[in-house]
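# Chains, contacts and geometry: an overview
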Amino acid sequence: MVPEDVSKRRSELHLLDVREQDEWDAGHIEGAQHIPLGDLGDRLAEVPTDQVVVAVCRTGSRSDRAAKGLRMSGIEAENLDGGVTAWTRAGLPLVAKSGAPGRVI
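Below is a summary of the structure that appears in this document.

### Notes on the pairing of strand β1 (residues 13-17)
Where burial is concerned, most of β1 is hidden: five out of the five residues are buried. Pairing of β1 with strand β3 (residues 52-56), which is carried by five bridges, proceeds in the parallel orientation. Considered in β3, the bridge of L13 is made with V52. Pairing between β1 and strand β2 (residues 33-34): two bridges, direction parallel. By the bridge assignment for β2, D17 is matched with H34.

Have a look at this one:
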């Protein structure tokens, strides 16, 4: 899914950020859930099943793997095309752990 569509449909989608902690702390999409990709298998029960899950990473590669894994587990999932890099290029905001404007690292 492209960032603009995800932004417009935000209320009906669940964003799942699969980046590492330092990446999340530097900047993430407000309201997203954070589960690093390496932990996702063990924490699958934490992912809601009542909304379409959109997996998010920096460029879309790790999140594509996450979305495929979620679909194999029976969860309706999509990938954020281009990740948070494309999100910020589209002029959409990130927030840092501190609450300040976020950045992509």
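Still to come is the rest of the account.
### Some remarks on the nonpolar core
Of all hydrophobic cores here, the largest spans 15 residues; its most connected members are V6, L15, I29, V54, L80 and W87. Broken down by element, the residue count for this core peaks at three residues, all from β3. Residues contacting L15, with those up to four places away along its chain left out, are V6, R10, I29, A32, Q33, V54 and V56. If you look at the next biggest cluster of nonpolar residues, it comprises 13 residues, including L16, I35, V47 and L70.

### Describing the pattern of salt bridges
Counted under the stated rule, the structure contains six salt bridges. Of the charged contacts, one joins D17 and R19 as a salt bridge, the two residues approaching to 2.8 Å between their closest N and O atoms. Owing to a relative accessible area of 1%, D17 belongs among the buried residues under this scheme. Judged by relative accessible area, which is 0%, R19 ranks as buried. As a salt-bridge pair, K68 and D64 come within 3.2 Å of each other at their nearest N and O atoms. In this pair, K68 and D64 both sit in helix α3 (residues 61-72), four residues apart, roughly one turn of the helix. Exposure remark for K68: the relative accessible area of 43% places this residue in the partly exposed category. Classification of D64 as partly exposed rests on a relative accessible area of 26%. One network of salt bridges, in which partners are shared, links E23, R58 and R62.

Reading the values: the criteria
- Residues numbered from 1 in each chain as written.
- Predicted model: local features only at pLDDT ≥ 70, side-chain atom pairs only at ≥ 80, totals over all residues.
- Heavy atoms only, no water.
- Buried < 20%, exposed > 50% of the residue type's maximum accessible area, 1.4 Å probe, protein only.
- Helix = DSSP H or I, 4+ residues; strand = E, 2+ residues; numbered from the N terminus.
- Pairing = 2+ DSSP bridges.
- Core = buried A, V, L, I, M, F, W, Y, C linked by side-chain atoms within 4.5 Å.
- Contact = heavy atoms within 4.5 Å.
- Salt bridge = Lys/Arg side-chain N within 4 Å of Asp/Glu carboxyl O.

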